[in-house]
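# Fold and geometry: a report
The lines below spell out each chain.
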Amino acid sequence: MKQLKENWTREELKAYLALFCLNTNCTDINEEIDFSVLNITNEEFKTIEKEFKKDNDYQSIQKIANAIEQIKCVNDCLSTLFQEIKEFIISSGRKYNYLMKNLFLGFERTLIETA
(Lines give C-alpha, C1' and ligand atoms only; values in the text may rest on other atoms or scores of the structure.)
Protein backbone atom coordinates (compact mmCIF):
# COMPACT_ATOMS: atom_id res chain seq x y z
CA MET A 1 0.00 0.00 0.00
CA LYS A 2 1.19 3.48 -0.79
CA GLN A 3 2.05 6.00 1.90
CA LEU A 4 -0.55 8.71 2.47
CA LYS A 5 0.48 11.69 0.44
CA GLU A 6 1.04 15.07 2.06
CA ASN A 7 -1.64 16.78 0.00
CA TRP A 8 -4.93 15.33 1.16
CA THR A 9 -8.16 15.65 -0.73
CA ARG A 10 -11.28 16.78 1.10
CA GLU A 11 -12.49 13.16 1.15
CA GLU A 12 -9.21 11.91 2.63
CA LEU A 13 -9.40 14.60 5.30
CA LYS A 14 -13.00 13.62 6.02
CA ALA A 15 -12.02 9.95 6.37
CA TYR A 16 -9.09 10.79 8.68
CA LEU A 17 -11.31 13.07 10.77
CA ALA A 18 -13.98 10.35 10.96
CA LEU A 19 -11.39 7.85 12.19
CA PHE A 20 -10.13 10.36 14.75
CA CYS A 21 -13.65 11.02 16.03
CA LEU A 22 -14.67 7.36 16.10
CA ASN A 23 -11.54 6.61 18.09
CA THR A 24 -12.35 9.09 20.88
CA ASN A 25 -13.71 6.38 23.14
CA CYS A 26 -10.44 4.42 22.86
CA THR A 27 -12.05 1.31 21.40
CA ASP A 28 -11.30 -0.43 18.14
CA ILE A 29 -13.20 0.81 15.15
CA ASN A 30 -15.84 -1.65 14.01
CA GLU A 31 -14.70 -3.13 10.71
CA GLU A 32 -18.31 -3.30 9.53
CA ILE A 33 -18.68 0.46 9.27
CA ASP A 34 -19.31 1.48 5.66
CA PHE A 35 -16.76 4.20 4.90
CA SER A 36 -17.81 4.35 1.23
CA VAL A 37 -20.42 6.97 2.18
CA LEU A 38 -17.47 9.32 2.69
CA ASN A 39 -16.87 9.12 -1.09
CA ILE A 40 -13.58 7.28 -0.67
CA THR A 41 -12.50 3.97 -2.12
CA ASN A 42 -11.69 1.00 0.08
CA GLU A 43 -8.02 1.19 -0.96
CA GLU A 44 -7.83 4.91 -0.12
CA PHE A 45 -9.51 4.24 3.21
CA LYS A 46 -7.07 1.44 4.09
CA THR A 47 -4.14 3.78 3.31
CA ILE A 48 -5.61 6.51 5.51
CA GLU A 49 -6.41 4.01 8.27
CA LYS A 50 -2.82 2.72 8.19
CA GLU A 51 -1.56 6.30 8.50
CA PHE A 52 -4.02 7.05 11.30
CA LYS A 53 -3.03 3.97 13.33
CA LYS A 54 0.63 4.97 13.41
CA ASP A 55 -0.11 8.55 14.53
CA ASN A 56 -0.52 9.69 18.11
CA ASP A 57 -3.16 12.30 19.02
CA TYR A 58 -0.78 15.22 18.66
CA GLN A 59 0.33 14.08 15.20
CA SER A 60 -3.30 13.54 14.18
CA ILE A 61 -4.33 17.02 15.24
CA GLN A 62 -1.35 18.55 13.44
CA LYS A 63 -2.18 16.64 10.26
CA ILE A 64 -5.84 17.66 10.46
CA ALA A 65 -4.96 21.33 10.98
CA ASN A 66 -2.40 21.27 8.16
CA ALA A 67 -4.83 19.57 5.77
CA ILE A 68 -7.55 22.11 6.55
CA GLU A 69 -5.12 24.93 5.84
CA GLN A 70 -3.81 23.28 2.67
CA ILE A 71 -7.34 22.60 1.33
CA LYS A 72 -8.21 26.19 2.23
CA CYS A 73 -11.28 25.01 4.04
CA VAL A 74 -12.71 27.94 6.03
CA ASN A 75 -15.79 28.56 8.19
CA ASP A 76 -18.65 27.35 5.96
CA CYS A 77 -16.56 24.54 4.51
CA LEU A 78 -15.51 23.38 8.00
CA SER A 79 -19.05 23.56 9.34
CA THR A 80 -20.25 21.43 6.42
CA LEU A 81 -17.35 19.02 6.84
CA PHE A 82 -18.03 18.56 10.55
CA GLN A 83 -21.77 18.13 9.92
CA GLU A 84 -21.05 15.41 7.34
CA ILE A 85 -18.82 13.59 9.82
CA LYS A 86 -21.42 13.87 12.59
CA GLU A 87 -24.07 12.40 10.26
CA PHE A 88 -21.65 9.64 9.22
CA ILE A 89 -20.96 8.74 12.85
CA ILE A 90 -24.66 8.59 13.67
CA SER A 91 -25.45 6.58 10.51
CA SER A 92 -22.66 4.11 11.36
CA GLY A 93 -24.55 3.09 14.47
CA ARG A 94 -22.14 4.79 16.84
CA LYS A 95 -23.46 7.00 19.57
CA TYR A 96 -22.65 10.65 19.21
CA ASN A 97 -21.57 10.76 22.85
CA TYR A 98 -20.26 13.53 25.07
CA LEU A 99 -16.64 12.78 24.13
CA MET A 100 -17.42 13.34 20.46
CA LYS A 101 -19.50 16.42 21.27
CA ASN A 102 -16.57 17.90 23.18
CA LEU A 103 -14.16 16.94 20.41
CA PHE A 104 -16.27 18.72 17.80
CA LEU A 105 -16.71 21.71 20.09
CA GLY A 106 -12.93 21.92 20.45
CA PHE A 107 -12.44 21.62 16.70
CA GLU A 108 -15.02 24.29 16.04
CA ARG A 109 -13.53 26.68 18.57
CA THR A 110 -9.98 26.09 17.41
CA LEU A 111 -10.39 25.72 13.68
CA ILE A 112 -13.56 27.58 12.69
CA GLU A 113 -13.16 30.63 14.91
CA THR A 114 -9.51 31.11 13.88
CA ALA A 115 -10.10 30.56 10.15
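Structure's up top.
Predicted, not measured: the structure shown is a model, and the values here were computed from it. (Residues numbered from 1 in each chain as written. Predicted model: local features only at pLDDT ≥ 70, side-chain atom pairs only at ≥ 80, totals over all residues. Heavy atoms only, no water.)

### A look at helix H2 (residues 42-54)
Taking 1.5 Å per residue as the helical rise, H2 with its 13 residues ought to reach 18 Å, and the 19 Å between its terminal C-alpha atoms agrees with that figure. When H2 is considered as a whole, its buried residues turn out to be Phe 45, Thr 47, Ile 48, Glu 49, Glu 51 and Phe 52. (Helix = DSSP H or I, 4+ residues; strand = E, 2+ residues; numbered from the N terminus. Expected span 1.5 Å × (residues − 1). Buried < 20%, exposed > 50% of the residue type's maximum accessible area, 1.4 Å probe, protein only.)

### Quick look at helix H3 (residues 57-71)
Between its terminal C-alpha atoms H3 stretches 21 Å, which fits the 21 Å expected from 15 residues at 1.5 Å a residue. Listing the buried residues of H3 in full gives Ser 60, Ile 64, Ala 67 and Ile 68. Along the axis of H3, the buried positions cluster into a sector of 100 degrees, meaning they face one direction only. More than 90 degrees from the buried face of H3, the exposed residues found are Tyr 58 and Glu 69. Here H3 starts with a cap whose side-chain oxygen sits 3.1 Å from the backbone nitrogen of Tyr 58, and that cap is Asn 56. Just beyond H3, the residue with positive phi is Lys 72, at close to 60 degrees. (Arc of directions from axis to C-beta. Polar contact = N/O pair within 3.5 Å; in protein donor to acceptor, adjacent residues only side chain to side chain.)

### Re the environment of Glu 69
Along the chain, Glu 69 falls in helix H3. Residues Glu 69 and Leu 111 lie 42 residues apart in sequence; the distance between their C-alpha atoms is 9.5 Å.

### Concerning the packing of aromatic side chains
Enumeration according to the criterion identifies two aromatic pairs in this entry. Aromatic pair Trp 8 and Tyr 16: ring centres 4.8 Å apart, planes at 40 degrees, arrangement tilted. Take Trp 8 and Tyr 16: they sit in the same class, and that class is buried. For the ring pair Tyr 16 and Phe 52, a centre distance of 5.4 Å and an interplane angle of 80 degrees mean the geometry is edge-to-face. With a gap of 36 residues between them, Tyr 16 in helix H1 (residues 10-22) and Phe 52 in helix H2 connect regions that are remote in the sequence. Three or more aromatic residues link up through ring pairs in this structure, and these residues are Trp 8, Tyr 16 and Phe 52. (Phe/Tyr/Trp six-rings, centres within 6.5 Å; stacked < 30°, edge-to-face > 60°.)

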